[in-house]
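Here are the chains, one letter per residue:
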Amino acid sequence: MASFIVIGGGILGASTAYHLAKQDVKVTLIDRQDLGQASAAAAGIICPWISQRRNKKWYALVRNGAKYYKQLVKELEELGETSIGYKQVGAIALQNDEKKLQKMLERAIEKREEAPEIGDLKILSPDQTKSLFPLISEDFSSLYVGGAARVDGRAMRDALTSAATKLGAEVIHGDARLQDGNVLVDGKQLVADKIILTAGAWGNEIPSTLEKDMKVSFQKAQIMHFQIADERTEDWPVVLPPTNQYLLAFEHGKVIAGSTYEENTGYDIRVTEEGKRELLENAIDIAKSIENAEVKEVRVGFRPYTPEFLPVIGNLPGFETIYFANGLGASGLTAGPFVGAELARLALGKETVLDISAYAPN
């Protein structure tokens, strides 16, 4: 039986382990449980179609990632995973410039030709917008995108990990290193046919011991969680303001505001007053009534990036049996499960959905 070791248990590593385990091979998933793991902190917005980012390789990943969720959710539910954290609730992209709103609609209609999962598209008045997300201020019209969804990164990661173990994967919590082609976990040697590195913001560590610089960088993100009293929030859509901030809601009155984009912080997991102030001010700008809500917590995570902000997927240069995937950045929860499926296919020698050579680490 072929054997695989996946190092890094965020949503990408968990998805890779799950998709390998489906193929009846031996799978070991190793995670150090570092504080600041992006998947554990993040609340995901599955709505890539209205982005103005022009990179076609990036868009192919996120478009396929968004499409793949329905199949994946069905599979996980059939395996008995009930706390997945995913729900299609739609999105409202806020705008108070009618011309920009119309342009946004036209771009989305054009993209819907190859991505019908975008769903219903319509421009909403300020009253209609507020009726869908009652905290929103009265001066925003919006574009409604029916196919958009939300996902709790921690819940999805845990569901994928649990599903992998049900299919026979082993999960080890420890510090993995490579030595003479094998994996050492806290001094214990593990042997596998292939090794897959999905360590996110810590992605440079193991390649550097092999004299490979994978140029992984990261941004610190702080994300604020509010508790909203006396509101049924479970069906509220994702809110996308004109800036790169967002609001999204989950069950039981939980509303999340994100996020900061902080450079050159190192692995500083502290919640800062500056970060809290930025999050609160940006949330109040679009939803003034949120200033009266209870702040339950602020989570911190590190988003990993690779050069040109384009994810890399493929063999570690010079090592045929070591695979490397990283750099999903702010798109991690949209693309992560799909990229994990692609990475598993690549490691198994199977045909991938995309031309993965376009994302090769070299």
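Because the structure is predicted, anything quoted here is derived from the model rather than measured.

Conventions used here
Residues numbered from 1 in each chain as written. Predicted model: local features only at pLDDT ≥ 70, side-chain atom pairs only at ≥ 80, totals over all residues. Heavy atoms only, no water. Helix = DSSP H or I, 4+ residues; strand = E, 2+ residues; numbered from the N terminus. Buried < 20%, exposed > 50% of the residue type's maximum accessible area, 1.4 Å probe, protein only. Contact = heavy atoms within 4.5 Å. Areas by Shrake-Rupley, 256 points an atom, 1.4 Å probe, with all protein chains shown as cover. Patch = residues over 30% accessible without salt bridge, like charges linked within 9 Å, V, L, I, M, F, W, Y side chains within 5 Å. Salt bridge = Lys/Arg side-chain N within 4 Å of Asp/Glu carboxyl O. Lys, Arg positive; Asp, Glu negative; His and termini not counted. Charge placed at Lys NZ, Arg CZ, Asp CG, Glu CD. Pairing = 2+ DSSP bridges. Axes fitted to C-alpha atoms, helices over the stretch in contact; angles between N-to-C directions. 1 Å grid on protein atoms, 1.4 Å probe; cavity = no way out; pocket = protein on both sides within 12 Å on 5 of 7 lines; lining within 4 Å. Points joined across faces, edges and corners; volume = space filled by probe spheres on them. Nonpolar A, V, L, I, M, F, W, Y, C, P; charged D, E, K, R; others polar. Phe/Tyr/Trp six-rings, centres within 6.5 Å; stacked < 30°, edge-to-face > 60°. Lys NZ or Arg CZ within 6 Å of the ring centre and 35° of its normal.

*Asks:* Looking at this structure, I do not really get the overall build of the protein. What am I missing?
*Replies:* Of the regular secondary structure elements, the protein holds 9 helices and 20 strands. Principal-axis analysis of the C-alpha atoms gives the protein an extent of 65 × 45 × 40 Å. Each of the 362 residues in the protein was classed as buried or not, and the buried ones make up 57%. If you take every contact in the protein between residues at least 6 apart in sequence, the share linking residues at least 24 apart comes to 74%. For the protein, the exposed area adds up to about 16,400 Å²; of that, 47% sits on carbon and sulfur atoms.

*Asks:* Help me out: how do you make sense of a negative patch on the surface in this one?
*Replies:* Together, E274, E278, E281 and D285 give the surface a local cluster of negative charge. Taking relative accessible area as the criterion, D285 reaches 56% and is therefore assigned exposed.

*Asks:* Explanation requested: the sheet that holds strand β4 (residues 86-88) in the structure shown.
*Replies:* Spatially, the 3 strands line up as an open sheet ordered β3-β8-β4, and their pairing is antiparallel. Lying at the two open borders of the sheet, with one neighbouring strand each, are β3 (43-46) and β4. Each strand of the sheet is rotated relative to its neighbour by a mean of 15°, with strand direction disregarded. Relative to strand β8 (residues 149-152), β3 runs antiparallel, the two sharing 4 bridges. If you follow I45 over to β8, its bridge partner there is R150. Against the sheet, helix α6 (residues 153-166) makes contact with β4 and β8, and its axis sits at roughly 70° relative to β8, the strand it touches most. Along the sheet, helix α9 (residues 332-347) makes contact with β3 and β8, crossing β3 at roughly 80°.

*Asks:* Got a minute to help me understand empty space enclosed by the protein in this structure?
*Replies:* Empty space left among the atoms is revealed by rolling a probe the size of a water molecule over them. A complete count under the given rule lists 1 cavity of 30 Å³ or more for this structure. Here the largest cavity defines a volume of roughly 40 Å³. Mapped onto the lining of the largest cavity, the elements with two or more residues apiece are β16 (246-249), β17 (254-258) and α8 (273-286). It is α8 that provides the largest number of residues to the lining of the largest cavity, a total of 4 residues. In the lining of the largest cavity, the residues fall into 6 nonpolar, 3 polar and no charged.

*Asks:* What should I look at first to understand the packing of aromatic side chains in this one?
*Replies:* Two aromatic rings, taken as a pair, are described by how far apart their centres are and by the angle between their planes. What the rule picks out here adds up to 9 aromatic pairs. When the centroid spacing of 6.3 Å and the interplanar angle of 65° are considered together, the rings of Y68 and F338 count as edge-to-face. One end of the pair, Y68, is in helix α3 (residues 56-78); the other, F338, is in helix α9, with 270 residues separating them in the sequence. F338 matches Y68 in its accessibility class, with the two residues each being buried. Seen from their ring centres, F218 and Y267 are 4.6 Å apart, and the 25° between their planes marks the pair as stacked. With a gap of 49 residues between them, F218 in strand β14 (residues 217-227) and Y267 in the loop between β17 and α8 connect regions that are remote in the sequence. For Y267, a relative accessible area of 43% translates into the label partly exposed. Three or more aromatic residues link up through ring pairs in this structure, and these residues are W202, F218, Y267 and F302. Directly above the aromatic system of Y261 lies the positively charged group of R303, at a separation of 3.9 Å from the ring centroid.

*Asks:* What's the story with unusual backbone geometry in this structure? I'm lost.
*Replies:* In this structure, the amide linkage connecting G258 to the following residue, S259, adopts the cis form with an omega of -20°. Although it is not a glycine, D230 sits at a positive phi angle of roughly 60°. If you trace the backbone, D230 turns up in the loop between β14 and β15 (238-240). Judged by its relative accessible area of 79%, D230 falls in the exposed class.

Keep in mind these numbers describe shape, not what the thing actually does.
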